[in-house]
2 protein chains.
Amino acid sequence: MVIATGVAARLPNVAGQDLEGVFCLRDLSDAVAIKRFIQEGRVKRASIIGAGFIALEMCEAFKSVGLETKIIHRGELPMQNLGEDFGRKILTVIKDNGVEFLPDRKIEAFEGGRENGLLIHTNEERLDTDLILIGIGVLPQVTLASEAGVSMGPTGAIAVNDHMQTNFPFVYSAGDCCETYHRISRKPVHVPLGDVANKQGYVAGANIGGQDLSFPGVLGSFCCKIFDWELAATGLGESVARELGLDVHSVTIEAGNKPEGFSGAHPLWLRLVADKRAGRLIGAQAIGGEGAVSRVNLLAAALTGGLTLGEIANLDLAYAPPFSSARDPVHIAAQQLLK
Amino acid sequence: MVIATGVAARLPNVAGQDLEGVFCLRDLSDAVAIKRFIQEGRVKRASIIGAGFIALEMCEAFKSVGLETKIIHRGELPMQNLGEDFGRKILTVIKDNGVEFLPDRKIEAFEGGRENGLLIHTNEERLDTDLILIGIGVLPQVTLASEAGVSMGPTGAIAVNDHMQTNFPFVYSAGDCCETYHRISRKPVHVPLGDVANKQGYVAGANIGGQDLSFPGVLGSFCCKIFDWELAATGLGESVARELGLDVHSVTIEAGNKPEGFSGAHPLWLRLVADKRAGRLIGAQAIGGEGAVSRVNLLAAALTGGLTLGEIANLDLAYAPPFSSARDPVHIAAQQLLK
């Protein structure tokens, strides 16, 4: 048996969250419903609760169909787990694209408003809107598994071994409903992302079919596109690493994604986090133009191989001016952190 | 002392190679001279001798200023070291962009033609043209070093150790004039590329300044842009690996660089070459739309880390639909080669 029950959208647990016009974005049917609701023509204003990557991707989607769009967030900055500096850059990007950002807000209730509109009650104000999108995360759907006696891990998702087996060896689990292993922190984590689910499903299926495959775990890699910017991260952020008791240092550099004058040239900010004693990379985050994601992906491969900063400073990357400078931002950052 | 005498363009050693209108492209002054010669207005037809990456980049440059452009090559296909299949794709790209390709030609002489034009004599025909660009490779400039008693390596370039020292410990060498070490073939190679020169110079300078840095060598990574296509390679190609006596196998897949419908979606062909017994990657080549270079770069990091195909099939890359599919071409190729 394979348990692949996925996740459900987390809800703020306030009055009015079932009103017409209040959506979450969990699967294709949600997307279709949102699109249809907008096409009915009464929607001029969209309000997004949350400031993670679903919120950021959706504010671009709402702006692209001409909606007046705001993000309402309990914290001070979007994507704050990437650090205050990167959070401020993201804030600038969304503001420059005409999205309003309301920080430090607590949602108290949703209410039907005038002329088929909606009202959002926060700790600060009442906001008129036509559509509410809740994007505050997801929760593993584990009621069935739990009632059947399947063990949960510390994250609240289904515990599995590297063969994707639960505590019952003939009951497998894969995808967003189960935990995985973080290769750098060496702890169980819940990373409900499609690419991870895909690999877990492959490993579970191969093992059920008689092969002997292991899923080695994740680095917590993710990325998202925010208007014409790219944002990506892999491994551990500096503050998470410190919370885990690791002795780390980091460097953040600004560099061009390619030489000035080439099509798509745009600044890029890259942060490397390394273990101080071993000099080994433990995480990287990037934000900027085209190529932020590709730098993080090559650093994800470097992380998997346990490369030191010295090895990263000398990585033999394919170089030509339309793609990069002779010293890539990755080289520059590693050299700076080595100093 | 540091010997950094670089390379000179290789010439075909035929009559007329010093005629006005015959160029090579070694440094900025060559580029300025070519541009000026074209701007004088008599140039309508450009002929490129060679079909490596300088030739491919320059045919795009010539087409972009409206010149009738042909490539004259001694071999059958451009970039033939990447395999016949990739060579055929490159040929299609340049032909689709209006570049004529004349294969299997031996250059016999250049001659001044009518109305300030030029004539190229090949083993097959006489060709009228206005500008000739020779792009058949480079030779290390080592006369000075050689006469001073500095040792050359088997490639004909200056032999250096990992600290960039020649046979005289206080004489360093860096850049295109010296050899380097290929991390996969474990042999000396001559790789006259700007990014390698840059890293070698850094290591030489640091050691001269009292540090103790090693240059770990190269993977032979390179890339180039051909019109709107990308081409990249790292590590060993299959035939080179076989010539070195390695027991290798390979897979070539066609996959989308990103999901259909996203801006920039384009097919991409990726070849992985692996050691059969150890299951370890030893090389990768890619050609296609946006993202061919970035896949090769993450595989360059994987090569540096000695990753196995199993590790590559499960690499935790940052995934979002504007950038890739949940199963990236890299995962698909590694999984296929594992079967």
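These figures come from a predicted structure and were not determined experimentally. (Residues numbered from 1 in each chain as written. Chains lettered and ligands numbered in written order. Predicted model: local features only at pLDDT ≥ 70, side-chain atom pairs only at ≥ 80, totals over all residues. Heavy atoms only, no water.)

Chemist: Quick question: what am I supposed to make of empty space enclosed by the protein here?
Modeler: Summary: where empty space remains is shown by rolling a probe the size of a single water molecule over the atoms. Applying the stated criterion to the full structure yields three cavities of 30 Å³ or more. Of the voids in this model, the largest cavity is the one considered here, and its volume is about 50 Å³. As for the largest cavity, its lining consists of Leu317(A), Ala318(A), Tyr319(A), Ser324(A), Ser325(A), Ala326(A), Asp328(A), His331(A), Asp195(B) and Asn297(B). For the lining of the largest cavity, the residue count by class is four nonpolar, four polar and two charged. (1 Å grid on protein atoms, 1.4 Å probe; cavity = no way out; pocket = protein on both sides within 12 Å on 5 of 7 lines; lining within 4 Å. Points joined across faces, edges and corners; volume = space filled by probe spheres on them. Nonpolar A, V, L, I, M, F, W, Y, C, P; charged D, E, K, R; others polar.)

Chemist: Honestly, the confidence of the model for chain A in this entry has me stumped. Any pointers?
Modeler: The predicted coordinates ought not to be read in detail in places where the model reports low pLDDT. Scored by pLDDT, chain A has a mean of 96; 100% of the residues are at 70 or more. Per the prediction output, this complex has pTM 0.95; the corresponding ipTM is 0.95. (pLDDT = per-residue confidence, 0-100.)

Chemist: Looking at this model, I keep getting lost on the pairing of strand β4 (residues 45-49) of chain A. Mind explaining?
Modeler: For a regular strand, side-chain orientation follows a simple rule: the groups alternate between the two sheet faces. Residues and elements named next belong to chain A. In terms of residue burial, β4 counts as a mostly covered element, since four of its five residues are buried. As paired strands, β4 and strand β5 (residues 68-72) are joined by five bridges and run parallel to one another. Bridging across to β5, Arg 45 finds its partner in Glu 68. In the classification by handedness, the crossover that spans β4, the intervening helix α2 (residues 53-64) and the parallel β5 is right-handed. As defined by bridge partners, β4 adjoins strand β10 (residues 131-134) across four bridges and the pair is classed as parallel. Of the residues in β10, the one forming a bridge with Ala 46 is Leu 131. (Buried < 20%, exposed > 50% of the residue type's maximum accessible area, 1.4 Å probe, protein only. Helix = DSSP H or I, 4+ residues; strand = E, 2+ residues; numbered from the N terminus. Pairing = 2+ DSSP bridges. Right-handed = clockwise from strand over helix to strand, strands pointing away.)

Chemist: Would you explain a nonpolar patch on the surface in this entry?
Modeler: All names here are of chain A. Taken together, the side chains of Val 240, Leu 244 and Leu 246 present a nonpolar region at the surface, about 190 Å² in accessible area. With respect to the element layout, Leu 246 can be found in the loop between α6 (238-243) and β17 (248-256). On the basis of relative accessibility, which here comes to 31%, the residue Leu 246 falls in the partly exposed class. (Patch = residues over 30% accessible without salt bridge, like charges linked within 9 Å, V, L, I, M, F, W, Y side chains within 5 Å. Areas by Shrake-Rupley, 256 points an atom, 1.4 Å probe, with all protein chains shown as cover. Salt bridge = Lys/Arg side-chain N within 4 Å of Asp/Glu carboxyl O.)

Chemist: Looking at this structure, how should I read the interface of chain A and chain B?
Modeler: Interface size is often expressed as the accessible area that is lost when the parts come together. Taken together, the 50 residues of chain A in the interface contact 50 residues of chain B. Around 3,800 Å² of area is buried between chain A and chain B when both sides are counted, 62% of it from carbon and sulfur atoms. Across the chain A-chain B interface, the total number found is zero salt bridges. Applying the counting criterion to the chain A and chain B interface returns 10 residue pairs in polar contact (both at pLDDT 80 or more). Of all the secondary structure elements, the ones that give two or more residues to the side of chain A that touches chain B are α5 (194-208), β15 (222-226), β16 (229-235), α7 (292-304), α8 (309-313) and α9 (329-338) of chain A. Of the residues forming the side of chain A that touches chain B, the biggest block, nine residues, is contributed by α7(A). Partitioned by chemical class, the residues of the side of chain A that touches chain B number 27 nonpolar, 13 polar and 10 charged. (Contact = heavy atoms within 4.5 Å. Buried area = accessible area lost by both parts, 1.4 Å probe. Polar contact = N/O pair within 3.5 Å; in protein donor to acceptor, adjacent residues only side chain to side chain.)

Chemist: Looking at this structure, I do not really get the environment of Asp27(B). What am I missing?
Modeler: As for its placement among the helices and strands, Asp27(B) is situated in the loop between β3 (22-24) and α1 (28-39). C-alpha separation for the pair Asp27(B) and Ala204(B), spaced 177 residues apart in sequence, amounts to 23 Å.

Chemist: What am I meant to see in the packing of α7(A) against helix α7 (residues 292-304) of chain B here?
Modeler: A pair of packed helices can be characterised by two numbers: the angle between their axes and the separation between those axes. Packing of α7(A) against α7(B) brings their axes to within 7 Å, and their N-to-C directions diverge by 20°. With respect to α7(B), the element α7(A) is oriented roughly parallel. The hand of the α7(A)/α7(B) crossing is right-handed. Two secondary-structure elements touch here, α7(A) through Ser294(A), Asn297(A), Leu298(A), Ala301(A) and Ala302(A) and α7(B) through Ser294(B), Asn297(B), Leu298(B), Ala301(B) and Ala302(B). Here the contact of α7(A) with α7(B) is built from residues that sort into six nonpolar, four polar and no charged. (Axes fitted to C-alpha atoms, helices over the stretch in contact; angles between N-to-C directions. Parallel < 35°, antiparallel > 145°, perpendicular 65-115°, else oblique. Left-handed = near helix turned anticlockwise from the far one by under 90°.)

Chemist: Teacher, can you tell me more about the relation of the copies chain A and chain B here?
Modeler: Mapping between the two chain copies consists of a rotation about an axis together with a translation along that axis. Of the transformation placing chain A onto chain B, the axial shift is 0.0 Å and the rotation is 180°, giving an RMSD of 0.0 Å. Within this description, the copies of the chain are treated as partners about a two-fold rotation axis. When the interface residues of chain A are mapped onto chain B, 100% of them are again interface residues, pointing to one common binding face. (Least-squares fit on C-alpha atoms with pLDDT ≥ 70 in both.)

Chemist: Explain helix α3 (residues 84-96) of chain B here, please?
Modeler: One turn of the α-helix equals 3.6 residues, which is why residues spaced by three or four share an orientation. Residue and element names in this part refer to chain B. When the terminal C-alpha atoms of α3 are compared, their 18 Å separation across 13 residues agrees well with the 18 Å that a helix rising 1.5 Å per residue should span. Those residues of α3 lying buried are Phe 86, Gly 87, Ile 90, Leu 91, Val 93 and Ile 94. The arc that holds every buried residue of α3, seen down its axis, measures 160°, which confines them to one face. Phi for Gly 98, located one or two positions after α3, is positive at around 85°. (Expected span 1.5 Å × (residues − 1). Arc of directions from axis to C-beta.)

Chemist: Where do I start with the sheet that holds β4(A) in this structure?
Modeler: Strands in a sheet are paired, the pairing made by backbone hydrogen bonds, and the direction either parallel or antiparallel. Residues and elements named next belong to chain A. Taken in spatial order, the five strands line up as β3-β10-β4-β5-β6 in an open sheet, and their pairing is parallel. Every interior strand has two partners, whereas the edge strands, β3 (22-24) and β6 (100-102), have only one. Between one strand axis and the next, the sheet turns through 25° on average, direction left out of account. Sheet topology note: the β5/β6 ladder contains three bridges and is parallel. If you follow Ile 72 over to β6, its bridge partner there is Leu 102. Here helix α1 (residues 28-39) sits on the sheet in contact with β3 and β10, set at roughly 150° to β3.

Chemist: Please explain the side chain of Asp195(A) as it appears in this structure.
Modeler: Mapped onto the elements of the fold, Asp195(A) is located in helix α5. Put simply, Asp195(A) is tucked away with no salt bridge, and the nearest opposite charge, on Lys199(A), sits 4.0 Å away. What Asp195(A) contacts, discounting residues up to four positions off in sequence, is Asp316(B), Leu317(B), Tyr319(B) and Ala326(B). (Lys, Arg positive; Asp, Glu negative; His and termini not counted.)

Chemist: Please explain unusual backbone geometry as it appears in this structure.
Modeler: With glycine set apart, most residues show a phi of negative sign, and most peptide bonds adopt trans. Residues and elements named next belong to chain A. Not every positive phi belongs to a glycine, and Asn 13 is a case in point at roughly 60°. Considering the arrangement of structural elements, one finds Asn 13 in the loop between β2 (7-9) and β3. Its identity is not glycine, yet Met 164 carries a phi of approximately 70°, on the positive side. On the secondary structure map, Met 164 appears in the loop between α4 (143-147) and β12 (172-173).

Chemist: I tried to follow the environment of Arg45(A) on my own but got confused; where do I start?
Modeler: All names here are of chain A. Relative to the elements of secondary structure, Arg 45 occurs in strand β4. A residue is classified by how much of its surface remains accessible, and Arg 45, at 26% relative accessible area, is partly exposed. Along the backbone, Arg 45 and Gly 66 are 21 residues apart, and their C-alpha atoms lie at a distance of 9.0 Å. Setting aside its immediate chain neighbours within four residues, Arg 45 contacts Glu 68, Asp 128, Thr 129, Asp 130 and Leu 131. Among the polar contacts made by the side chain of Arg 45, one reaches the side chain of Asp 130 at a distance of 2.8 Å.

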